[in-house]
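Structure at a glance
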Amino acid sequence: MKLTILAMATGIYLSQGVYAACPITKDFLDKDNAIQKLTLNEKISCLASELPKVRDGIAFTEISNTLRSGELSAQDVRGGYETLLDELSKPNKEAYHTSFLILALAEVARVDRVTPFFSKVEREKLVSIAIKALTDVENYTGFDERVGYIHQIAHAADLVLQLSLNNAIDTDSLQALSTAIQQAINPSSTHFYHYGEPDRLVRATVYLMLRESLTSEYWKLWLTDAAKPPTATWQDAYGNNEGLAALHNTQSFFNRLLLWTSDAKNPKLKAINEQALLHLKAIK
């Protein structure tokens, strides 16, 4: 892992004047085992870097490795969680910073799913963050040539995925998450998803669908609502970019849902697959 990360980071220079809290510089990378010696909070600080190889290739990768290693105490993980919340609450952040803070929170949520230690209030906070990240988006950019991935919708969906797999998340929260995903399928802004966002949304949705407390009838109504056009009919959607974006995004979501449930043995998912096909035939 060290050699891989160092190879990715070759030639990286980080301005300490801009990211003074992030210790990752080229000189730093030249030191043996330097990355592994960073604290969790130091790694979190580097999520603010505008350099994708620092933010994504090193900082987030190391945060994920650290949290998945099982070596941190619950107290240390909670400390990282509180740092992430503090960073997320600060104003005037770059879009990529916000998005990677959300992705890091997905990793924290995974720790609590595997080894529960959060309180109900802490889990509810994560649910609120996921909902806001899906529905209150200022920048829908998937990938930027200069700063790399931003991808807030995809990262928010990853947080929903971890929460949907956690049996401690109650029915009201699951319903709220499913409503937020439905809203994110086609955002109110005229935006065409083309960086895999529908697939990430569907993946989270399928795991919500597997929760027993959300019944087949609930999902039948949910799918019907999700398949509705923004205009009187889908044919009317061809008249402007807003309608065309809705058509593109809704088709993409139902296409991916059809694929994800195509070989399902679970009776609920089999029924959902049949409903998705019926809706997809009408979304044209």
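Residues numbered from 1 in each chain as written. Predicted model: local features only at pLDDT ≥ 70, side-chain atom pairs only at ≥ 80, totals over all residues. Heavy atoms only, no water.

For the structure on display, the rule yields one disulfide. Here Cys22 engages in a disulfide with Cys46; their sulfurs sit 2.0 Å apart. On the S-S bond that ties Cys22 to Cys46, the torsion sits near 100°, and the link is right-handed. One end of the pair, Cys22, is in the loop between helix H1 (2-8) and helix H2 (26-29); the other, Cys46, is in the loop between helix H3 (40-45) and helix H4 (52-68), with 24 residues separating them in the sequence. The residues Cys22 and Cys46 share a single accessibility class, namely buried. (Disulfide = S-S within 2.5 Å. Helix = DSSP H or I, 4+ residues; strand = E, 2+ residues; numbered from the N terminus. Buried < 20%, exposed > 50% of the residue type's maximum accessible area, 1.4 Å probe, protein only.)

In this section: the packing of aromatic side chains. Under the criterion given, the structure shown has eight aromatic pairs. Plain terms: the ring middles of Tyr218 and Trp219 are 5.3 Å apart, the flat faces sit at 90° to each other, and that makes the pair edge-to-face. Clustering of aromatic rings is evident, with ring pairs tying together Tyr218, Trp219, Trp222, Phe253 and Phe254. (Phe/Tyr/Trp six-rings, centres within 6.5 Å; stacked < 30°, edge-to-face > 60°.)

Put simply, helix H8 (residues 152-164) and helix H10 (residues 197-209) touch, their axes get as near as 8 Å, and they point 15° apart. Relative to H10, the element H8 is oriented roughly parallel. Where H8 crosses over H10, the handedness of that crossing is left-handed. Residues Ile153, Ala154, His155, Ala157, Asp158, Val160, Leu161 and Ser164 of H8 touch H10, and the partners they reach there are Glu197, Arg200, Leu201, Arg203, Ala204, Tyr207 and Leu208. (Axes fitted to C-alpha atoms, helices over the stretch in contact; angles between N-to-C directions. Parallel < 35°, antiparallel > 145°, perpendicular 65-115°, else oblique. Left-handed = near helix turned anticlockwise from the far one by under 90°. Contact = heavy atoms within 4.5 Å.)

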